Amino acid sequence: MNPAGQNPVQPPSLPSQVVKEDEPVLVAAAQAGDINAFETLVGRYERKILRLAQNITQNREDAEDVMQEAFLKAYEHLSGFQGNSRFYTWLVRIAVNQALMKLRKRRPNVVSIDEEVNTGEDLIPREIEDWGPSPEDRYKQTELSDILSEVIADLDPSFRIVFQLRDIEELSTEETAEALGLSVPAVKSRLLRARLKLRQKLNKYFRRSEIQ
Amino acid sequence: MNCKTIVVELEDYLDEALDPELRVSIEVHLAKCKNCKLIVDTTKKTIQIYCNSEPAPLPEDMRHRLHDALVKKLGRPRAQS
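Here the structure is a predicted model, which means the values were calculated and not measured.

**Student:** I'm lost on the environment of A:Arg106 in this one. Help?
**Tutor:** Residue and element names in this part refer to chain A. With respect to the helices and strands, Arg106 occurs in helix 4 (residues 87-106). Arg106 sits in the partly exposed class, given a relative accessible area of 44%. Spatially, the C-alpha atoms of Arg106 and Asp62 are 9.5 Å apart, while their sequence positions differ by 44 residues. Ignoring anything within four residues of it in the chain, the contact list for Arg106 reads Asn59, Glu61 and Asp62.

Spelled out as structure tokens, the structure:
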């Protein structure tokens, strides 16, 4: 969740689940030539960057390429990282750029994250059922992981990428807009659609009537 | 405040980016409208479930290929984790 708005005086807080406190120290060390520090950063984020790339490209081979290219590019441009944003956010932006390039190269007519999004009546959910307090606990970790991957893969790419950056990677709305070259209202409308569509798709797994 | 407005404002409501007055009027509506309350709760849960999901570890062969690419770039063998 984005805490921006809770206190308008404070800048958006760091996503505690994503970024560890020692990140700035590691980045500074890596910039000073400490290879071990960069390797630590790679080890910390490789899984997340692979998942990000997989969710955008929907192709295992492309996702691996994107992950590798993102880390190599990050290392190459590390001296230019000014610390104005979090290192992880910067890395995510690099990975997103690489992933979008890959996607456009492979499927130039499919990717359209900047197309107009209709925000009409169809947004109002039709199926409305209680899920109970912890619906995810009904599934084993691997089953849940498969469900989440399957459901997000079924989203329109323009919604999937926004949801990925905003709600999984915990970028702010403004950071997401900047990374994707979209306006803030465009990010918000896609995010609303993505959230509602995912909710609708997860409903069949999590509604109370699914309980055996 | 009606059910359609809840959907329109859902995005900012979930991100706690609404002005307090609108937030309160939404919460008054949610206290009365079971359907809207379910929509808000299950959408919030959707975000939480995705946000809390842990990415799978890299397969060993993929980790080796990443290792090799980094060695080539960084110029020395990288410690295996």
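Right, picking up where we left off after that structure.
**Student:** Help me understand the packing of helix 8 (residues 184-206) of chain A against helix 1 (residues 3-14) of chain B, please; the structure alone is not making it clear to me.
**Tutor:** A packed helix pair is summarised by two numbers, namely the angle formed by the two axes and the spacing between the axes. The interhelical angle for the contact between helix 8 of chain A and helix 1 of chain B, taken along N-to-C directions, is 100 degrees, at an axis separation of 10 Å. Judged by the inter-axis angle, helix 8 of chain A sits roughly perpendicular to helix 1 of chain B. Seen from helix 8 of chain A, the contacting residues are A:Lys188, A:Leu191, A:Leu192, A:Arg195 and A:Leu196; seen from helix 1 of chain B, they are B:Val7, B:Leu10, B:Glu11, B:Asp12 and B:Leu14. Of the residues that constitute the contact of helix 8 of chain A with helix 1 of chain B, the class distribution is six nonpolar, no polar and four charged.

**Student:** Is there a simple way to explain the nonpolar core in this structure?
**Tutor:** The tendency in soluble globular proteins is for nonpolar side chains to be buried side by side. Core analysis: the largest hydrophobic core is formed by 81 residues, its most contacted members being A:Ile49, A:Phe71, A:Phe87, A:Phe163, A:Leu165 and B:Tyr50. Sequence-distant contacts of B:Tyr50, that is, excluding residues within four places in its chain, are made with A:Leu148, A:Val151, A:Ile152, A:Phe163, A:Ile168, A:Leu198 and A:Leu202.

**Student:** What exactly am I supposed to notice about the interface of chain A and chain B here?
**Tutor:** Put simply, an interface is often sized by how much accessible area is lost when its parts join up. Facing 55 residues of chain A, the contacting portion of chain B comprises 40 residues. Buried surface at the junction of chain A and chain B, summed over both partners, amounts to about 4600 Å²; 63% is from carbon and sulfur atoms. On inspection of chain A and its partner chain B, the count reaches eight salt bridges. Between A:Glu76 and B:Lys73 there is a salt bridge whose closest N-O contact spans 3.1 Å. If you look at where chain A meets chain B, you find 13 residue pairs in polar contact (both at pLDDT 80 or more). The set of elements that each furnish at least two residues to the side of chain A that touches chain B consists of helix 2 (35-57), helix 3 (60-76), helix 5 (141-153), helix 6 (157-168) and helix 8 of chain A. Take the side of chain A that touches chain B: its biggest share by element is 11 residues, from helix 2 of chain A. When the residues that make up the side of chain A that touches chain B are grouped by side-chain class, the tally is 29 nonpolar, eight polar and 18 charged.

The rules behind each value
- Residues numbered from 1 in each chain as written.
- Chains lettered and ligands numbered in written order.
- Predicted model: local features only at pLDDT ≥ 70, side-chain atom pairs only at ≥ 80, totals over all residues.
- Heavy atoms only, no water.
- Helix = DSSP H or I, 4+ residues; strand = E, 2+ residues; numbered from the N terminus.
- Buried < 20%, exposed > 50% of the residue type's maximum accessible area, 1.4 Å probe, protein only.
- Contact = heavy atoms within 4.5 Å.
- Axes fitted to C-alpha atoms, helices over the stretch in contact; angles between N-to-C directions.
- Parallel < 35°, antiparallel > 145°, perpendicular 65-115°, else oblique.
- Nonpolar A, V, L, I, M, F, W, Y, C, P; charged D, E, K, R; others polar.
- Core = buried A, V, L, I, M, F, W, Y, C linked by side-chain atoms within 4.5 Å.
- Buried area = accessible area lost by both parts, 1.4 Å probe.
- Salt bridge = Lys/Arg side-chain N within 4 Å of Asp/Glu carboxyl O.
- Polar contact = N/O pair within 3.5 Å; in protein donor to acceptor, adjacent residues only side chain to side chain.

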